[in-house]
Amino acid sequence: MQVAIHLGVHCTDDDRLLKTLLKNKGTLAKAGICIPGPGRYRKSVIREAQKLRGIPADSDFRDLLVASIIDDDHASRLVLTIENLLCVHSRVFENGIIYDQASTRPANLRKLFPGLPVEFFLSVRNPATFIPAVFHHKNQSTPEFLSFMDKVEPDKILWSDVISALTDSNPGCRVTVWCNEDTPLIWPEVMTLITGFETAANLEGGNDVLASIMRNEGLARMQTYLGTHPPRNEHQRRQIALAFLDKYAIDDAIEEVLDVPGWTDDLVEELTLNYEADLHKIAQMDQVRFISA
């Protein structure tokens, strides 16, 4: 059995992937792909990983754990989504480091499944918007922002550090990464890669993310167009989606107002340029499969 683990990150998914995959639970089950509800595993796997403290489980324990999560003895792939595995929102920058437990917690979780191939999936986001989003998630007041960012240097935040920690501590495990900013265009590919399903065309919800930033009229027109002009490949489908998005985008949904005390336009631009360079580095890393729009 293969195990695919979606790690989030925070403020990039909000369980959207899980909800979309659950729409297709029956279809995926017929293909041997298990999408369990989160209540069946999120707390239990984190608890068991903490108990073992990095010691690999034995095969009997592994089999009991898998049996508690899935109903189908013939399943060939198990998909888990655990956003808070790395930490909870309020601890994202603990010790002044972004996700400082990226080298330990995923590795401990992987050791619950000895002998099974495990791969990780996560989306990353421009620190210029990620930092405010994580902060405001807890509805913290503005004066607390400086304490929230204590010891954190925004211009030193690099997702490649997180990915390196993840790959170094999980040798042989592939890590699939994509940009949160690209998610509306690449959502069908994310769905197929994490499930291992043959094609997104036979799954529901391929436009779920796009629908959140495109007016209903535009989405309907795009679906009609795709029905009469089937794209030859994934690249062409993205180009079509981008053309309709350019015309029918919901402005408020694609524009972000950054109200961060002490931040300047120059800092935001610097963070964005650093992010773009960091993405290029991530795409070249060993063990990493980078989904680019």
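Anyway, here's the lowdown on the structure attached to this text. (Residues numbered from 1 in each chain as written. Predicted model: local features only at pLDDT ≥ 70, side-chain atom pairs only at ≥ 80, totals over all residues. Heavy atoms only, no water.)

Some thoughts on the overall build of the protein
Helices and strands together make up the secondary structure of the protein, namely 14 helices and six strands. Against the compact-globule benchmark of 19 Å for 293 residues, the protein has a radius of gyration of 20 Å, which places it among compact chains. Across its three principal directions, the C-alpha atoms of the protein cover 55 × 55 × 35 Å. If you take every contact in the protein between residues at least 6 apart in sequence, the share linking residues at least 24 apart comes to 81%. With the model as given, the accessible surface of the protein reaches about 14,500 Å², and the carbon-plus-sulfur share is 49%. Looking at the protein, you have 30 positive and 41 negative side-chain charges, and the mean spots of the two groups are 7 Å apart. (Helix = DSSP H or I, 4+ residues; strand = E, 2+ residues; numbered from the N terminus. Rg over C-alpha atoms; globule rule 2.2 N^0.38 Å. Contact = heavy atoms within 4.5 Å. Areas by Shrake-Rupley, 256 points an atom, 1.4 Å probe, with all protein chains shown as cover. Lys, Arg positive; Asp, Glu negative; His and termini not counted. Charge placed at Lys NZ, Arg CZ, Asp CG, Glu CD.)

A closer look at a negative patch on the surface
Together, D265, D266, E269 and E270 make up a region of like negative charge exposed at the surface. Along the polypeptide, D266 turns up in helix α14 (residues 265-283). (Patch = residues over 30% accessible without salt bridge, like charges linked within 9 Å, V, L, I, M, F, W, Y side chains within 5 Å. Salt bridge = Lys/Arg side-chain N within 4 Å of Asp/Glu carboxyl O.)

Brief notes about the nonpolar core
Inside soluble globular proteins, nonpolar side chains tend to come together where they are buried. Core analysis: the biggest nonpolar cluster contains 92 residues, and F93, I98, Y99, F113, F130, W159 and M222 have the highest contact counts within it. Here this core gets six residues from one element, more than from any other, and that element is helix α9 (residues 183-195). Those residues in contact with W159 that lie beyond four places of it in its chain are V9, I98, Y99, V124, R125, P127, F130, Y275, D278 and I282. (Core = buried A, V, L, I, M, F, W, Y, C linked by side-chain atoms within 4.5 Å. Buried < 20%, exposed > 50% of the residue type's maximum accessible area, 1.4 Å probe, protein only.)

Topic: the pattern of salt bridges
Under the criterion given, the structure shown has 16 salt bridges. When the shortest N-O distance is used, the salt bridge between D208 and K23 registers 2.9 Å. Of this pair, D208 sits in helix α10 (residues 208-211) while K23 sits in helix α1 (residues 16-23), and the two are 185 residues apart along the sequence. Classification of D208 by relative accessible area gives partly exposed; the value is 22%. Looking at K23, the relative accessible area reads 46%, which means it is partly exposed. Bridged by salt links that share partners, the residues R77, E119, R174 and R289 form one connected network.

So yeah, pure geometry; function would need other evidence.
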